[in-house]
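# A look at the structure
The primary structure of each chain is shown beneath.
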There are 2 protein chains.
Amino acid sequence: MSAIDQLTQEFSRLPGIGTKTALRLVYHLMKGSNDEARRLAGAIREVADRVRPCTICGYFSELDPCDLCSNPVRDLSTLCVVEEAYEAGAIERTGTFRGGFHVLGGHLSPLDGIGPDELRIDGLLRRVGPGSAVEEVILATSSGVEGEATAVYLESQLRPLGVRVTRLARGIPVGSDLEYVDGSTLAEALAGRREM
Amino acid sequence: MSAIDQLTQEFSRLPGIGTKTALRLVYHLMKGSNDEARRLAGAIREVADRVRPCTICGYFSELDPCDLCSNPVRDLSTLCVVEEAYEAGAIERTGTFRGGFHVLGGHLSPLDGIGPDELRIDGLLRRVGPGSAVEEVILATSSGVEGEATAVYLESQLRPLGVRVTRLARGIPVGSDLEYVDGSTLAEALAGRREM
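Counting of residues starts from 1 at the beginning of each chain's written sequence and follows it residue by residue. Whichever chain is written first is A, and whichever ligand is written first is 1; the rest continue in order. Where local features are concerned, this predicted model is filtered to residues with pLDDT of at least 70; where side-chain atom pairs are given and counted, the filter is 80 or more; whole-chain, interface and lining totals use all residues. Excluded from the side-chain calculations are hydrogens and water; all other atoms, namely the structure's heavy atoms, are used.

### Considerations on the pattern of salt bridges
A side-chain nitrogen of Lys or Arg and a carboxyl oxygen of Asp or Glu constitute a salt bridge if their distance falls within 4 Å. The full count for this structure, using the stated rule, is 24 salt bridges over all chains. A salt bridge links arginine 38 of chain B to aspartate 49 of chain A; its shortest N-O distance comes to 2.5 Å. Taken as a pair, arginine 38 of chain B in helix H3 (residues 34-50) and aspartate 49 of chain A in helix H3 (residues 34-50) lie in two separate chains rather than in one. Between buried and exposed lies partly exposed: a residue is buried under 20% and exposed over 50% of the maximum accessible area for its type, with that area taken using a 1.4 Å probe on protein chains only. Classification of arginine 38 of chain B as partly exposed rests on a relative accessible area of 28%. Helical segments are the DSSP runs of H or I of at least four residues, strand segments are the runs of E of at least two, and each set is numbered from the N terminus.

Here is the structure:
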């Protein structure tokens with residue numbers, strides 16, 4: 001297989017990148033300076049060589065424990081549980097959360113053979129268990145059926161440990177017109193209404 | 001800068017990839033096996049090291065002259081002129097063109113300082129000039145204003161060399177409903193109507 005076909009194939013394995021986009025990327029790299037392609041290849045290799053999931057929280061980092069788990073400024077009495085590391089990144093970028101994270105690595109999905117043992121749940125229970133400083137666990141699993149089921153399961157496991165268990169508020173996204181919000185979101189927003 | 005930030009930045013320099021998509025790609029590579037990331041890095045490096053524009057036609061290839069220019073089965077009496085190499089790739093994938101290509105490397109755009117000298121036009125005129133076997137040049141520049149201007153300029157340079165100069169047909173895309181086709185395309189399709 002030619003170098004061009006090989007790279008097209010590798011690019012099109014990435015999420016959201018089909019054959020046409022892959023080809024466009026390949027042509028872009030060929031058209032540009034070789035430096036750009038070499039820098040990209042080098043940056044990918046650096047990540048592959050140096051970044052690992054943190055053994056405590058599962059977030060990706062060049063350090064272990066990661067920058068979040070070892071940072072003395074973070075308040076690790078509150079843990080935010082997410083399915084994937086990029087969701088922790090999204091919460092981190094809001095700049096409003098100073099607690100710790102715990103990355104599950106997915107959600108429960110019995111049909112795909114993903115049960116509690118396939119997720120980083122044991123580690124979470126250890127972090128919250130006896131002698132721990134954790135006071136609150138915020139469940140930020142995805143809002144679909146599987147995410148909800150995962151949250152319900154986690155709550156059943158966490159509650160006996162005497163920790164406060166919360167989940168992210170459901171409601172109207174900021175800037176949305178009411179008429180475009182779907183019914184279940186609107187129902188959740190009504191049920192979760194707050195004093196002004 | 002961390003390895004993750006570095007790679008996010010490199011990815012977001014690629015066309016059509018913003019910061020969010022770049023982040024998603026980075027997380028995908030971190031989540032997957034290291035092998036996948038290494039294979040991608042290796043494939044990019046291979047392309048950077050081995051692929052060059054052909055000195056005759058400007059198409060990208062690991063050989064010089066490229067597979068298209070040196071292939072005895074191709075009929076090089078017909079040349080198809082395109083702006084970018086990926087457009088030659090698109091025509092090639094139709095499987096209906098067996099002639100040669102000539103990649104200009106862009107279109108005339110005086111406002112951006114791109115005149116005839118910035119494009120691979122000299123090389124085209126040399127390929128078509130005295131003693132050449134070229135009988136027809138198909139202009140397949142883009143259909144916008146600059147592409148048209150480039151085609152008109154090329155025609156003025158090629159015609160005196162005694163070669164047949166054609167351009168791709170304009171008309172209704174296959175499978176389109178007439179009511180959704182824009183007015184100028186419809187006008188071109190009418191003007192270019194053919195006997196059944």
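### Things to note about the domain arrangement of chain A
One widely used convention gives an interface's size as the accessible area the parts lose upon coming together. Segment limits for the domains were obtained from an automatic or database-derived domain assignment. Looking at the assigned domains, one finds that chain A contains domain 1 (3-50) and domain 2 (73-167). Measuring from the centre of the C-alpha atoms in domain 1 of chain A to the corresponding centre in domain 2 of chain A gives 34 Å.

### Digging into the interface of chain B and chain A
Across the boundary between the two partners, chain B contributes 44 residues, which contact 45 residues of chain A. Counting the surface chain B buries against chain A, the share from its top three residues, Tyr27, Ile44 and Phe60 of chain B, is 14%. Inspection of the region where chain B meets chain A yields 6 salt bridges. Polar contacts, as used here, are pairs of N or O atoms within 3.5 Å; protein pairs need one atom able to donate a hydrogen and one able to accept it. Residues neighboring in sequence count only if both atoms are side-chain atoms. Across the chain B-chain A interface, the total number found is 12 residue pairs in polar contact (both at pLDDT 80 or more). Of all the secondary structure elements, the ones that give two or more residues to the side of chain B that touches chain A are helix H1 (3-12), helix H2 (19-31), H3 and helix H4 (85-94) of chain B. Counting residues per element, the side of chain B that touches chain A draws most heavily on H3 of chain B, which supplies 14 residues. Looking at side-chain class alone, the side of chain B that touches chain A contains 24 nonpolar, 6 polar and 14 charged residues. We call two residues contacting when some pair of their heavy atoms lies within 4.5 Å. Buried surface area refers to the total accessible area, computed with a probe of radius 1.4 Å, that the two partners give up upon joining, counted for both partners together. When residue character is reported, Ala, Val, Leu, Ile, Met, Phe, Trp, Tyr, Cys and Pro are called nonpolar, Asp, Glu, Lys and Arg charged, and the others, Gly included, polar.

### Topic: the pairing of strand E4 (residues 100-103) of chain A
Each regular strand shows side chains that alternate between the opposite faces of the sheet. Residues and elements named next belong to chain A. Taking every second residue as pointing to the same face, both faces of E4 are buried, with Gly100 and His102 on one and Phe101 and Val103 on the other. Pairing geometry for strand E3 (residues 78-82) and E4, over 4 bridges, is parallel. Within E4, the residue paired with leucine 79 across the bridge is glycine 100. Strand pairing follows a simple DSSP-based rule, namely that at least 2 bridges must link the two strands.

### A closer look at the relation of the copies chain B and chain A
Only residues with pLDDT of at least 70 in both copies count here: their C-alpha atoms drive the least-squares fit that superposes the copies. When chain B is fitted onto chain A, the two copies agree to an RMSD of 0.0 Å after a turn of 180° and an axial shift of 0.0 Å. The symmetry that links the two subunits is that of a two-fold axis. Ranked by how close their C-alpha atoms come to the rotation axis, the residues of chain B are headed by alanine 41 of chain B, at 2.2 Å. Here 100% of the interface residues in chain B have copies in chain A that are interface residues too; the copies meet face to matching face.

### Some words on the packing of aromatic side chains
Note on aromatic pairs: the rings of Phe, Tyr and Trp (six-membered ring only in Trp) are paired at centre separations within 6.5 Å, and the planes decide the class, stacked below 30 degrees, edge-to-face beyond 60, tilted for the rest. Applying the stated criterion to the full structure yields 8 aromatic pairs over all chains. With a centroid separation of 6.4 Å and 20° between ring planes, the pair formed by tyrosine 59 of chain A and phenylalanine 101 of chain A is classed as stacked. Here phenylalanine 101 of chain A lies in strand E4 and tyrosine 59 of chain A lies in the loop between strand E1 (52-53) and strand E2 (60-61), a separation of 42 residues in the sequence. Both residues of the pair, tyrosine 59 of chain A and phenylalanine 101 of chain A, count as buried. Here the aromatic rings of phenylalanine 60 of chain A and tyrosine 27 of chain B are separated by 6.2 Å at their centres, their planes lie at 45°, and the arrangement is tilted.

### Some points on the packing of H3 of chain A against H1 of chain B
Interaxial angles span 0 to 180 degrees and are taken between N-to-C directions of axes, which are lines fitted to C-alpha atoms, for helices over the stretch in contact. Packing of H3 of chain A against H1 of chain B brings their axes to within 9 Å, and their N-to-C directions diverge by 145°. Considering the relative orientation of H3 of chain A and H1 of chain B, their crossing is left-handed. Each of Glu36, Arg39, Leu40, Ala43, Ile44, Glu46 and Val47 of chain A in H3 of chain A lies in contact with H1 of chain B, whose residues at this interface are Ala3, Ile4, Gln6, Leu7, Glu10 and Phe11 of chain B. In terms of residue class, the contact of H3 of chain A with H1 of chain B is built from 8 nonpolar, 1 polar and 4 charged. Helix crossings get a hand from a simple test, with the near helix turned counterclockwise from the far one by less than a right angle marking a left-handed crossing and a clockwise turn marking a right-handed one.

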